[in-house]
Amino acid sequence: MNYVSPFLFWAFTGLMLGFALAVVFNRNPVASALSLVVSFIGLAALFVQLDAFFIGSIQILVYAGAVMVLFLFIIMLLDLKAEQRRRLNPFTAIGGAAVILSFIAELITVLRHVPGGNNPLPALSGRGLSGQGSIDDVREIGFTLFSHYNFPLQVVGVLILVSTIGVIILSKRELK
Amino acid sequence: MVTLNDYLLASGLLFTIGFAGVLLRRNIIIIFMCLEMMLNAANLSLVAFSRFNLVNGLPNYNAQVFVFFIITVAAAEVAVGLAIIVALFRSRQTTHVEDVSRLKF
């Protein structure tokens, strides 16, 4: 349980990053959306390897399920064709490449100095709320959510209500 | 052996790919998908930090609650954003960001 197989880690990381690249380089929006689904599934597998089972499941249910179905629905509703190759503005291309390369360089520099960055995965030793000695993350997250983060949870409920009303108003035919 | 740096590298590369998509693609729906990818990269580093910094021998569940909130807000954001894209498409018949360069038409 406290051991992450390096082979599985790099396999799922490769899956996630490879299909993320496919999202950027596919011309067809439907193919991009389906690649993003695979990328999110790889990410959910990484969450499960980190013993975050609840986060991994809602990643699959909410992202790979609900959000991407919404994306596909909108792409098919708008009937988007594969976009014709437009010439990229050279300033955009050069600026974009420069920003991305500097980002990667910064990433490498910062990762050298992360405190505890080279430690292996620490062993889980605690007995949680269940007292069984096994990891029980839904119970722990639920307890934290409803004890320490009760007010933010209700604010998020209001946010979802407001966004529902906003979507209905935005998608009416005529705004008055 | 998999270390914290490996997870942070994967998360940073995912963020960079999403950022590249936002900068280089001109289709507004693809840009929106790349924004989601960047949010997920942040989630990956949060979960990795939570697992590598144990509190009483268990992962730090505050970080996972934070991830839960990020996923909730991102789902609401996707709904509103896609409604805006549909409204935009209705009035202009395009999803190219270069065709939408004026606030008032």
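Here the structure is a predicted model, which means the values were calculated and not measured. (Residues numbered from 1 in each chain as written. Chains lettered and ligands numbered in written order. Predicted model: local features only at pLDDT ≥ 70, side-chain atom pairs only at ≥ 80, totals over all residues.)

A closer look at the overall build of chain A
Here's step 1: Helix and strand content of chain A: six helices and zero strands.
Here's step 2: Walking chain A from its N terminus toward its C terminus, one meets helices and strands in the order α-α-α-α-α-α.
Here's step 3: Scored against the burial criterion, the 176 residues of chain A give a buried share of 21%.
Here's step 4: Long-range pairs, those at least 24 residues apart, make up 49% of the contacts in chain A between residues at least 6 apart in sequence. (Helix = DSSP H or I, 4+ residues; strand = E, 2+ residues; numbered from the N terminus. Buried ≥ 20, exposed ≤ 12 C-beta atoms within 10 Å, placed from the backbone. Contact = placed C-beta atoms within 7 Å.)

Overview of the overall build of chain B
Here's step 1: From N to C terminus, chain B includes three helices and zero strands.
Here's step 2: Ordered by position from the N terminus, the helices and strands of chain B form the series α-α-α.
Here's step 3: Against the globule reference of 13 Å for 105 residues, chain B gives a C-alpha radius of gyration of 18 Å, more extended than a compact globule.
Here's step 4: Principal axes of the C-alpha set define a box for chain B whose edges measure 60 × 25 × 15 Å.
Here's step 5: With 105 residues in all, chain B has 43% of them scored as buried.
Here's step 6: Across chain B, contacts joining residues at least 24 apart in sequence account for 49% of those joining residues at least 6 apart. (Rg over C-alpha atoms; globule rule 2.2 N^0.38 Å.)

Let's talk about the confidence of the model for chain B
A low pLDDT means the predicted coordinates there should not be read in detail.
Residues and elements named next belong to chain B.
Here's step 1: Looking at chain B, the pLDDT average stands at 90 and 98% of residues meet or exceed 70.
Here's step 2: The element-level mean pLDDT for chain B is lowest in helix α3 (residues 61-92), coming to 92, with helix α2 (residues 28-52) highest at 94.
Here's step 3: Both scores are available for the predicted complex, with the pTM at 0.91 and the ipTM at 0.91. (pLDDT = per-residue confidence, 0-100.)

Observations regarding helix α6 (residues 150-170) of chain A
Here's step 1: Compared with an ideal rise of 1.5 Å per residue, which puts 21 residues at 30 Å, α6 of chain A spans 30 Å between its outermost C-alpha atoms and is within 8% of the ideal.
Here's step 2: When you tally the buried positions in α6 of chain A, you get zero out of 21 residues, a small fraction of the element. (Expected span 1.5 Å × (residues − 1).)

Examining unusual backbone geometry
When glycine is set aside, most residues are seen to have a negative phi, and most peptide bonds are trans.
All names here are of chain B.
Here's step 1: Of note in this structure, Asn-56 is not a glycine but carries a positive phi near 55 degrees.
Here's step 2: Inspection of the secondary structure assignment puts Asn-56 in the loop between α2 and α3.
Here's step 3: Owing to 9 C-beta atoms within 10 Å, Asn-56 belongs among the exposed residues under this scheme.
Here's step 4: Notably, Gln-93 is not glycine yet its phi reads approximately 60 degrees, a positive angle.
Here's step 5: Locating Gln-93 in the fold gives a position in the segment after α3.

Quick word on the packing of helix α4 (residues 90-111) of chain A against helix α1 (residues 4-24) of chain B
Here's step 1: The interhelical angle for the contact between α4 of chain A and α1 of chain B, taken along N-to-C directions, is 170 degrees, at an axis separation of 10 Å. As summarised for this structure, α4 of chain A and α1 of chain B are arranged roughly antiparallel, according to the angle between their axes. Residue-level contacts link Gly-96, Val-99, Ile-100, Phe-103, Ile-104, Leu-107 and Leu-111 of chain A of α4 of chain A to Asn-5, Leu-8, Leu-9, Gly-12, Thr-16, Phe-19, Ala-20, Leu-23 and Leu-24 of chain B of α1 of chain B.
Here's step 2: Split into classes, the residues belonging to the contact of α4 of chain A with α1 of chain B amount to 12 nonpolar, four polar and no charged. (Axes fitted to C-alpha atoms, helices over the stretch in contact; angles between N-to-C directions. Parallel < 35°, antiparallel > 145°, perpendicular 65-115°, else oblique. Nonpolar A, V, L, I, M, F, W, Y, C, P; charged D, E, K, R; others polar.)

Focus: the interface of chain A and chain B
Here's step 1: At the junction of the two partners, chain A supplies 68 residues and chain B supplies 62 residues.
Here's step 2: Residue assignment for the side of chain A that touches chain B shows that the elements contributing at least two residues are α1 (6-25), α2 (29-49), α3 (53-78), α4, α5 (137-147) and α6 of chain A.
Here's step 3: Sorting elements by how many residues they give to the side of chain A that touches chain B places α3 of chain A first, with 10 residues.
Here's step 4: When grouped by side-chain class, the residues that make up the side of chain A that touches chain B number 50 nonpolar, 14 polar and four charged.

Focus: the domain arrangement of chain A
Here's step 1: What the domain assignment reports for chain A is domain 1 (1-82) and domain 2 (136-176).
Here's step 2: Using only C-alpha atoms to locate each centre, domain 1 of chain A and domain 2 of chain A end up separated by 23 Å. (Domains from an automatic or database assignment.)

Examining the environment of Leu-54 of chain B
Here's step 1: Note that Leu-54 of chain B resides in the loop between α2 and α3.
Here's step 2: Look at Leu-54 of chain B and you get partly exposed, because 16 C-beta atoms sit within 10 Å.
Here's step 3: Contact partners of Leu-54 of chain B, with chain neighbours within four places excluded, come to Pro-122 of chain A together with Pro-59 of chain B.

So, the environment of Asn-27 of chain B
Here's step 1: Topologically, Asn-27 of chain B is positioned in the loop between α1 and α2.
Here's step 2: Residues Asn-27 of chain B and Val-67 of chain B, 40 residues apart in the sequence, show an inter-C-alpha distance of 28 Å.

Examining the nonpolar core
Here's step 1: Counting residues in hydrophobic clusters, the biggest one holds 54 residues, and the most contacted among them are Leu-14, Met-33, Leu-44 and Val-47 of chain B.
Here's step 2: Looking at this core, the elements with two or more residues in it are α1, α2 and α3 of chain A together with α1, α2 and α3 of chain B.
Here's step 3: Top contributing element to this core by residue count: α2 of chain B, with 12 residues.
Here's step 4: Beyond its immediate stretch of four places on either side in the chain, Val-47 of chain B contacts Phe-47, Leu-50, Ala-52 and Ile-55 of chain A together with Ala-63, Gln-64 and Val-67 of chain B. (Core = buried A, V, L, I, M, F, W, Y, C linked by C-beta atoms within 7 Å.)

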